[in-house]
Structure formats: structure tokens, C-alpha cells
Amino acid sequence: MEKHFDSNADAFMEEAIRLADESVKNGGGPFGAVIVKDGKIIAGSSNSVTLNNDPTAHAEVNAIRKACKELNTFDLSGCEIYSSCEPCPMCLGAIYWAHIGKIYYGNTRKDAADIGFVDNFIYEELDKPLEKRTLPIVRMAGDKAFRTFRMWKEKEDKTEY
């Protein structure tokens, strides 16, 4: 079955891929993303992990940061994201937190794994109980830490997100 996309969707994906190409040429990772609202690109970015020495500087996260700044909000409801690759677990989490309504992607996570970007271990780790994970996770000071949650719950003038 053939899938039909409107010409704007194709153009948005082409821009995400162009950003990925540009990133590779400039020494960054092979990923690009654009965020679209009301048929217009609000923000676009590429992967800058190695360029910025920032493991969170994936294309999608960078684009989310730019879009939030551009729109002066932390809530990107009504937006869509076009990514040159299926988002990794971190980026997928950021997309959900930003309330982006739809994800379009080019390459699959298997395609990414085939060139050395293996994210599957994170998906596998998330399925394990805490005590079985590779990275030790230790809870401590729960009673003291909960004090802050109580403060938040009782705060009347908070901005919920």
C-alpha cells in the first residue's frame, strides 16, 4: 500500500535530513530534526554531542530547546517533529514531555544500530527491575527528599507542567 504525504511534510523531512547531512560535514552526528507548528518550521537543529561535549545534545532535544525559546513556552502542544531518524529513548522522552503531537522519522533505530548507534540496550534496561539493571540505582533519603514534594503539592501559585 502506497503512503501519500502532502508536499509540506516531504519538505519538512527533507529539511531534517539536510540538517543531518550538514552536521556530518561539520563534524557532528548524522541526525537532524525540525519542529513544525501550523505548517511552518519553528525550529531546526542537528546533533551536536561531540561538538558541544554534551551527551544530551541530540537533534531532537536541540530542536525542542530552540522551539520552546522561539515560542516562549515549555509546552509544544500543536507541534509536530520531523526527525531524520527514529528518536532514541532520551529524545522520545523529551518529545513526550514537550507534548509534541506527532513524530515523523526517516531512518529506523535498526538503521542507526547498523552504523554504530546502538540504543537498544537502553530499551532493554528500562524493562528490567531496578535491582537487575547494569547501572546501580540506589534510593536514599526518601523521607527528607519527599519534603520537597510536599512543598510542591501544597504550593498554590505553581505552574504545572
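Residues numbered from 1 in each chain as written. Predicted model: local features only at pLDDT ≥ 70, side-chain atom pairs only at ≥ 80, totals over all residues. Heavy atoms only, no water.

## Here's the deal with the sheet that holds strand β1 (residues 32–37)
Strands belonging to one sheet form pairs held by backbone hydrogen bonds; the direction of such a pair is parallel or antiparallel.
Part 1 of the argument: Ordered in space as β2-β1-β3-β4, the four strands form an open sheet in which the pairing is mixed. Both outer strands of the open sheet, β2 (40–46) and β4 (102–107), are each paired with one neighbouring strand and no more. With strand direction ignored, the average angle separating the axes of adjacent strands in the sheet is 15°.
Part 2 of the argument: Here strand β3 (residues 79–85) pairs with β4 via five bridges, running parallel. Within the sheet, the bridge partner assigned to Y82 lies in β4 and is Y104.
Part 3 of the argument: Packed on one face of the sheet, helix α3 (residues 59–71) meets β1, β2 and β3 and runs near 140° to β2. (Pairing = 2+ DSSP bridges. Helix = DSSP H or I, 4+ residues; strand = E, 2+ residues; numbered from the N terminus. Axes fitted to C-alpha atoms, helices over the stretch in contact; angles between N-to-C directions. Contact = heavy atoms within 4.5 Å.)

## Re the pattern of salt bridges
Part 1 of the argument: Taken as a whole, this structure holds six salt bridges when the rule is applied.
Part 2 of the argument: Note that E22 is salt-bridged to R18, the shortest N-O span being 2.7 Å. Taken together, the positions of E22 and R18, both in helix α1 (residues 7–25) and four residues apart, correspond to about one turn of that helix.
Part 3 of the argument: Since its relative accessible area comes to 36%, E22 is described here as partly exposed.
Part 4 of the argument: Close ionic contact of E86 with R109 constitutes a salt bridge, the shortest N to O distance being 3.8 Å. Linking E86 in the loop between β3 and α4 (89–97) with R109 in helix α5 (residues 109–114), this pair joins segments that are 23 residues apart in sequence. (Salt bridge = Lys/Arg side-chain N within 4 Å of Asp/Glu carboxyl O. Buried < 20%, exposed > 50% of the residue type's maximum accessible area, 1.4 Å probe, protein only.)

## Re the state of the cysteines
Part 1 of the argument: Tallied over the entire structure, the rule returns zero disulfides.
Part 2 of the argument: In this model C79 remains outside any disulfide bridge; the closest cysteine sulfur is found in C68, 8.3 Å from its own.
Part 3 of the argument: This cysteine, C88, is not joined by any disulfide, and C91 carries the nearest cysteine sulfur, 3.7 Å off.
Part 4 of the argument: Relative accessible area serves as the criterion here: at 9%, C88 is assigned to the buried category. (Disulfide = S-S within 2.5 Å.)

## Topic: the confidence of the model for the chain
Predicted coordinates in areas of low pLDDT are best not read in detail.
Part 1 of the argument: When pLDDT is averaged across the chain, the result is 94; 96% of the residues are at 70 or more.
Part 2 of the argument: Taken together, the stretch residues 1–5 has pLDDT below 50 and engages in one contact with residues farther than four places along the chain or on a different chain. (pLDDT = per-residue confidence, 0-100.)

## Description of the packing of aromatic side chains
Part 1 of the argument: Using the criterion set out here, one finds six aromatic pairs in the structure.
Part 2 of the argument: Taken together, the aromatic side chains of F12, Y82 and Y104 make up a single cluster linked through ring pairs.
Part 3 of the argument: Looking at R109, its charged tip hangs above the ring of Y123, at a distance of 4.1 Å from the centre.
Part 4 of the argument: Across from the ring centre of W152, 5.4 Å away, lies the NZ or CZ of K158, which sits over that ring. (Phe/Tyr/Trp six-rings, centres within 6.5 Å; stacked < 30°, edge-to-face > 60°. Lys NZ or Arg CZ within 6 Å of the ring centre and 35° of its normal.)

## Notes on the side chain of E60
Part 1 of the argument: Mapped onto the fold, E60 is located in helix α3.
Part 2 of the argument: Dropping the residues within four chain positions of it, E60 is found in contact with A33, I81, S83, C85, P87, C91 and I95.

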